[in-house]
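Chain by chain, the residues run as shown.
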Amino acid sequence: MRRLLFLLCAFALPFGAVHARTAPSGGEVKNLIYMIGDGMGLAQVSLLMIERGYEPVAFDRAQNVALVSTYSANNRVTDSAAAGTALATGRKTDNGMLGQTPDGAPVESMIARAVREGRPTGEVVTSTLQHATPAAFYAHAADRDDDRTITEWLVRSGVDVLFGGGGGSFSDEQLAVLRDKGYRIVRDPDQLDAVSSGKVLGLFADGHLASARKGRGDYLPRATQKALEILDADARETGRGFLLMVEGSQIDWAGHDNDAELLLAEMTDFDRAVSAAMDFADEHPGTLVVVTADHETGGLSIPSNEEDFHLSDSGVQYDFSTGGHSGTLVPVYLYGTGAERINGILDNTELAQRLMQLLGLE
Ligand SMILES: [Zn+2]
């Protein structure tokens, strides 16, 4: 489907990003906020910038950038399970697999290593918590759709803060086990106002959360802020830095649907969550924010509406070339302590390895 959005006011606005604040650099990286826009290629970020009239967005605040390749062990075009596994563990696997090599050997994620070392950890998503990207950080499964196995890994994960959907997959026994382990189980994001530390499982839908266009409201930026507040409190108590993974899960689905308007809504929402993470890094030296994607979805390109683009602007088109994923490089935006230490052209596995090195989680 061909979508057309006109932009007539761009040239009245100042070009170039404004970098209002600069987070502290140098020193030890204690906390990592790892933000994954599922299906978010450079064109998806460009769409956000164009539709915002080149007013500064959170991505403009990046202090460093890199590009990563995303191919999986068995396909030049990855799925979210293999790419999530690469970003979480630093190892390639086949499409459809989570937290294991193609021959079935389990591989440990950076979050699992952090849990083992007693560091506070969290995941915030807009899909189910058992979906490919979040699951790559705690599960080991040959099939990303093996919901029972993945939910069991989640119960055993030891991850302190878990906000997302997927509540319908937990048995009463599993919820009882989690309560015994000290988790508060919350079903409504408003109930989070009363939580400021400790283990908390937020199950805000039986399946996925609503889309950014259909009533999800400001869940993602708010849940990100709340997770940071809780993990920061736990980090102070334990004296250990934290790891938080945040996923803009539904950017991918807008790409699969070739729906530019939904894509803008999801990108706007994710941008607000990135902004919240960068604000946290401003206030908390030792925090590194890394924003990247598992792959690009939709094969989005942004040509001029007028084929003769030498003429004045007559709007742009958002053209999708596939209902699936593409094999293009995806961007990495870095902000905060250690941002200067990762750049260039990397493989997605290399990005994960470098982050684990920075965090002392090798
Ligand atoms: Zn996808």
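For the structure, see preceding data.
Everything numeric here is computed off the predicted structure, so don't read it as measured data. (Residues numbered from 1 in each chain as written. Predicted model: local features only at pLDDT ≥ 70, side-chain atom pairs only at ≥ 80, totals over all residues. Heavy atoms only, no water.)

Moving on, we come to the packing of aromatic side chains. Per the stated rule, a full pass over the model turns up 5 aromatic pairs. Arranged with centres 5.9 Å apart and planes meeting at 50°, the rings of Phe163 and Phe204 form a pair that is tilted. Taken together, the positions of Phe163 in strand β5 (residues 161–165) and Phe204 in the loop between β7 (200–203) and α7 (219–238) put the pair 41 residues apart, joining distant regions of the chain. Between Phe242 and Phe280, the aromatic rings sit 5.7 Å apart at their centres with planes inclined by 65°, giving edge-to-face as the arrangement. Residue Phe242 is located in the loop between α7 and β8 (243–248), and its partner Phe280 is located in helix α9 (residues 260–283); the two are separated by 38 residues in the primary sequence. Both residues of the pair, Phe242 and Phe280, count as buried. Grouping aromatic residues by their ring pairs yields a cluster made of Phe163, Phe204 and Tyr219. The ring of Tyr71 carries Lys92 above its face, with NZ or CZ at 3.7 Å from the centroid. In this structure, Arg156 is placed above the aromatic ring of Trp153, and the distance from its NZ or CZ to the ring centre is 4.9 Å. (Phe/Tyr/Trp six-rings, centres within 6.5 Å; stacked < 30°, edge-to-face > 60°. Helix = DSSP H or I, 4+ residues; strand = E, 2+ residues; numbered from the N terminus. Buried < 20%, exposed > 50% of the residue type's maximum accessible area, 1.4 Å probe, protein only. Lys NZ or Arg CZ within 6 Å of the ring centre and 35° of its normal.)

Turning our attention to the nonpolar core. In terms of nonpolar packing, the biggest core is built from 106 residues, with Tyr34, Met35, Phe59, Met110, Phe163 and Leu201 touching the most fellow members. In terms of residues, this core owes the most to one element, α9, which gives 12 residues. The contact partners of Met110, leaving out residues within four places of it in the chain, are Leu32, Tyr34, Leu87, Ala88, Phe137, Leu243, Ala352, Leu355, Met356 and Leu361. (Core = buried A, V, L, I, M, F, W, Y, C linked by side-chain atoms within 4.5 Å. Contact = heavy atoms within 4.5 Å.)

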